[in-house]
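Report on the structure
What follows is each chain in one-letter form.
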2 protein chains.
Amino acid sequence: MSTTEVKPSPSPDAAAVEEMARVAATWCAMHGLVVGDRANPRSGTVPGVGLVHAPISLLPSRLPESFWEQACELAPIFNELVDRVSLDGDFLQDSLSKTRQVDDFTSRLLDIHRKMMDANKEESIRLGLHRSDYMLDSETNSLLQIELNTISVSFPGLCSLVTELHRNLINQYGNLLSLDAKRVPGNEASRQFAGALARACDEFNVDSAVVMMIVQSEERNMKTLSEVEAEGQVLPDGTLVVDGRKVAVVYFRAGYTPNDYPSEREWSARLLMEESSAVKCPSISYHLVGTKKIQQELAKPNVLERFLENKEEIANLRQCFAGLWSLDDEDVVKSAMDNPDLFVLKPQREGGGNNIYGLDVREALIRLKKEGGDALSAYILMQRIFPKESLANLVRGGVFHEALTVSELGIYGAYLRNKDKVIINDKCGYLMRTKVSSSDEGGVAAGFAVLDSLYLTEK
Amino acid sequence: MSTTEVKPSPSPDAAAVEEMARVAATWCAMHGLVVGDRANPRSGTVPGVGLVHAPISLLPSRLPESFWEQACELAPIFNELVDRVSLDGDFLQDSLSKTRQVDDFTSRLLDIHRKMMDANKEESIRLGLHRSDYMLDSETNSLLQIELNTISVSFPGLCSLVTELHRNLINQYGNLLSLDAKRVPGNEASRQFAGALARACDEFNVDSAVVMMIVQSEERNMKTLSEVEAEGQVLPDGTLVVDGRKVAVVYFRAGYTPNDYPSEREWSARLLMEESSAVKCPSISYHLVGTKKIQQELAKPNVLERFLENKEEIANLRQCFAGLWSLDDEDVVKSAMDNPDLFVLKPQREGGGNNIYGLDVREALIRLKKEGGDALSAYILMQRIFPKESLANLVRGGVFHEALTVSELGIYGAYLRNKDKVIINDKCGYLMRTKVSSSDEGGVAAGFAVLDSLYLTEK
């Protein structure tokens, strides 16, 4: 059902590709576009050791400019939407009430959220650093949202470097490739995120208060949840103090998975921070807005209208939502039994995985209908996305492979509001990830993913 | 005889040093301050693979500001001196006549040089990218020149990064260290060198002519000597053409060691380039000026006066020359027999090594005097330098060691002249290399060297 589109640019010959791959890998080494090499046992333990260039696409992946513009225009609307939804505590609690029954982690987040609601806790400074991920669906030729991330969004640093690398390669091999570096959009994600954190710190406006980063393992100038539990307190005026330093902003680079909460201590730390006046990036409510269940709720008819006024913005958001239906919609269930390939059956539990595809969808629906009741409500049906495929050269470990790939585009967004004043509401660069398509029958493992950038083609 | 000076700054505790070493190694990985890891068999073969942070000094090494200023002021004078000496072909041929008898490599260079003299070959555009290396002698408390490099001077890229790293560490740990990042001098060596190469290309003023880099192994946009031999020609108007491209500037990153000339083909290529009108960096005569023998000749009485007029400049140069004497100076030979520790006995052959120190100096002198004649002229006596030692933390492979170290300071210089017009005559940043002193009795191997930067102390 998917269509394979071979890149239309004149293919440079194998020797030129090999040379470019060598130049690219060397550029990575010289510009910090490196990762730990899993083959090296000291890598990840000893800093600065066992490094290898990041897995990359040799050249940027093509995307019609109109889709790029669409995704960019959506970024500030999603920023705004997250903020609006976060204000409606009952909506969050109600929407997630069923998830809470099957998912301990969400349940604990909801407990903290409920405590804040009960205490009428107000967050006057609100900082969101988000990323909305999309794929280009070849069935409908439309950009569809995969997910909206509101906590600890990754790769703002490396993705800026990939853009720079690709522009450099195009400048060096321009004649050979018939490409124009100006068509690779600029990418300042890390600079813009750092700017938003600094600005939030300014807005907090307490002398010598700092940005505290929450991380998974102990590192300099950063704290684990367990360290915050041991060393942190909230003063009577609400100020969060850790190790004697006043905290203006808590930036979570951990805390988004159950693994980060091995004991009650970590949950205490999370609550402590939430109770304080420090700016949380994200607050517990921003965090909850990023759950898949809320994404599904927002896709239901008339839900966006509860949070946004501008009809055009609502229409733009809805355009990127894949179809989502609960199993009490009998027409859709029938349609899915007839054309199971066009749907994905997803468990309601947070955390991903266990999705059902193809003929298994029909079988599962028959079984669930027999069981009825709660069994039906544990699943939803979703429009299946058929991402556009293209041939790309992937470089890993200094070696390149040509493979059939699909790409996912993430647009970073930053939002900062102090009381009624919106200080930042911007898109902040992008992340392009390209992976070997499951339809690839070559020697490269399906799912093997690389960092990439964008090449904008005519609308 | 040497004095050990422990750094006077308050020592941060071991935990802080370990943390800083971790931060430093991570910074290196993120900013391209990396080298190939010899323990990894793919490193050096596959690009971007098997990387490890460069061996570094954790903090910059101290140097009184007056010595720094002295070294900087010498750079343009040395640039000028190289150019003046290069114009005196007879001086080069005569001074190296004895070296030619014992050193094949220098002999081949002199052959090419003689051919250019015989052909009255003129170099109207002259580009020099040099580095003058110094050590601080603790015996005389003076800065003494170790050598002047005029071909393929190394590390202009990495040394700029080390400066940046050290400034960053001082900014992060300023309170702990009582150091001020402003006292680490800026270092733009690679940018300035690239600028000088580009400017030379402009002066050459031939449409679409390029800078060609000569390297040891085949790489993109670069040429080995053997490739130049196969693909290069000189047109009747003198233009060097390689692979159909006109060459404005030949930048030698190879060709300075006999190993780079495994056959006659490489020598043909060297001659071909020298015969062309392309700007050579360096020309054969600049290359010869950088030999140790010429350095020794220039240190003799009344020799500098042949090339420079300004008495103050001559005095400044002479101040940094270590004493150099031929073995026909009987007073000096007697003095060396009495105090052999203050001298080094050096063979005249180019290429380094086989120096004689300590009591061996006395024994060797007795033997040489017995043999007399040619045996005596094969050696020279040099003032022995006792570099100032200090404790430093060296970081290698993500691990730090404290060790007693000595440092060598190199000042880069760029010189560009087109006929009578001097276009560039600048100092261009610096290289600080620190190595474990032979007096170190700790666990770190003597001679183990790291990249470093400078911390300027009061005059």
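Note that residues are indexed from 1 along each chain, following the sequence as it is written. Written order determines the labels here, with chains lettered from A and ligands numbered from 1. pLDDT decides what is reported in this predicted model: residues at 70 or higher carry local features, side-chain atom pairs at 80 or more are listed and counted, and totals for whole chains, interfaces and linings draw on all residues regardless. Hydrogens and waters are ignored; side-chain quantities use all the structure's heavy atoms.

**Things to note about the state of the cysteines**
Rule in force here: Here, a disulfide means two cysteine sulfur atoms that sit within 2.5 Å of each other. Partly exposed residues are those whose accessible area sits between 20% and 50% of the maximum for their type, while under 20% is buried and over 50% is exposed, using a 1.4 Å probe and protein chains only.
Taken as a whole, this structure holds 0 disulfides over all chains when the rule is applied. With no disulfide of its own, Cys28(A) lies 14 Å from the sulfur of Cys159(A), the closest cysteine sulfur. Given the relative accessible area of 0%, Cys28(A) is considered buried. With no disulfide partner, Cys428(B) has as its closest neighbouring cysteine sulfur the one in Cys159(B), 11 Å distant. Given the relative accessible area of 2%, Cys428(B) is considered buried.

**Side note on empty space enclosed by the protein**
All names here are of chain B. Stated precisely, the cut-off is as follows: Here a cavity is any set of points on a 1 Å grid over the protein atoms alone where a 1.4 Å probe fits but cannot get out, and a pocket is any open set with protein on both sides within 12 Å along at least 5 of 7 lines; a residue lines the site when it has an atom within 4 Å of a point. Grid points are joined across faces, edges and corners, and a volume is the space filled by probe spheres set on the points. Each residue receives one of three labels: charged for Asp, Glu, Lys and Arg, nonpolar for Ala, Val, Leu, Ile, Met, Phe, Trp, Tyr, Cys and Pro, and polar for the others, Gly being one of them.
Under the defined criterion, the tally for this structure stands at 6 cavities of 30 Å³ or more. Taken together, Phe78, Leu81, Gln145, Leu148, Val289, Gly290, Thr291, Gln295, Leu298 and Phe321 form the lining of the largest cavity. Classifying every residue of the lining of the largest cavity by side-chain character gives 6 nonpolar, 4 polar and no charged.

**Some details on the relation of the copies chain A and chain B**
Under the convention used in this document: The copies were overlaid with a least-squares fit restricted to C-alpha atoms from residues scoring a pLDDT of at least 70 in each copy. Only heavy atoms matter for contacts: two residues are in contact if any of them lie within 4.5 Å across the pair.
Least-squares fitting of chain A to chain B yields an RMSD of 0.0 Å, with the transformation described by 0.0 Å of translation along the axis and a rotation of 180°. Here the symmetry operator amounts to a two-fold rotation axis. A symmetric contact is evident, with 100% of the interface residues of chain A recurring at the interface of chain B.

**Description of the UniProt feature "binding site: substrate" (unreviewed entry) in chain A**
Residues and elements named next belong to chain A. Selection criterion: UniProt positions are given in the numbering used here, feature names are shortened, and annotations may be inferred rather than shown by experiment. Think of it this way: any DSSP run of H or I at least four residues long counts as a helix, any run of E at least two long counts as a strand, and we number them from the N terminus. Throughout this description, a polar contact denotes any pair of N or O atoms lying within 3.5 Å of each other; where both atoms belong to protein, one of them has to be capable of donating a hydrogen while the other can accept it, and for residues adjacent in sequence the pair is counted only when both atoms sit in side chains.
If you check UniProt for "binding site: substrate" (unreviewed entry), the listed places come out as Arg131 and Arg433 in our numbering. Maximum C-alpha separation among the annotated residues is 12.9 Å over a sequence range of 303 residues, consistent with a single clustered spot. Mapped onto the fold, Arg131 is located in strand E6 (residues 125–137). Those residues in contact with Arg131, other than ones at most four positions away along the chain, are Glu147, Leu148, Asn149, Val153, Ser154, Gly410, Ile411, Tyr412, Leu431 and Arg433. One polar contact links Arg131 to Asp133, side chain to side chain, over a distance of 2.7 Å. Residue position: Arg433 is located in strand E19 (residues 421–436).

**Some details on the pattern of salt bridges**
Residue and element names in this part refer to chain A. Where we set the bar: Each salt bridge in this description consists of a side-chain nitrogen of Lys or Arg and a carboxyl oxygen of Asp or Glu lying within 4 Å of one another.
Tallied over the entire structure, the rule returns 46 salt bridges over all chains. Across the pair Arg183 and Glu65 runs a salt bridge whose closest N-O atoms are separated by 3.0 Å. Here Arg183 is found in the loop between helix H7 (174–177) and helix H8 (189–204), whereas its partner Glu65 is found in helix H2 (residues 65–86), with 118 residues between them in sequence. The class of Arg183 is partly exposed, set by a relative accessible area of 26%. Here Arg318 and Glu305 are joined by a salt bridge, their closest N and O atoms 3.1 Å apart. Placement of the pair is Arg318 in helix H14 (residues 311–319) and Glu305 in helix H13 (residues 304–307), with a sequence separation of 13 residues. Owing to a relative accessible area of 29%, Arg318 belongs among the partly exposed residues under this scheme.

**Some remarks on the domain arrangement of chain A**
All names here are of chain A. Where we set the bar: Segmentation into domains, and thus their bounds, comes from an automatic or database assignment. Two parts placed together each lose some accessible area under a 1.4 Å probe, and adding up what both lose gives the buried area.
The domain architecture assigned to chain A consists of domain 1 (14–322 + 385–457) and domain 2 (323–384). Averaged C-alpha coordinates put domain 1 and domain 2 at centres separated by 29 Å. Taken residue by residue, the interface counts 19 residues in domain 1 and 14 residues in domain 2. For the pair domain 1 and domain 2, the summed buried surface comes to about 1,400 Å²; carbon and sulfur atoms form 52% of the total. For the domain 1 face of the interface with domain 2, the top three residues by lost area are Lys292, Gln296 and Ala322, together amounting to 37%. The tally of links from domain 1 across to domain 2 stands at 1 residue pair in polar contact (both at pLDDT 80 or more). Looking at the side of domain 1 that touches domain 2, the elements that each hand over two or more residues are helix H4 (97–102) and helix H12 (292–299). Taken together, the residues of the side of domain 1 that touches domain 2 break down into 7 nonpolar, 6 polar and 6 charged.

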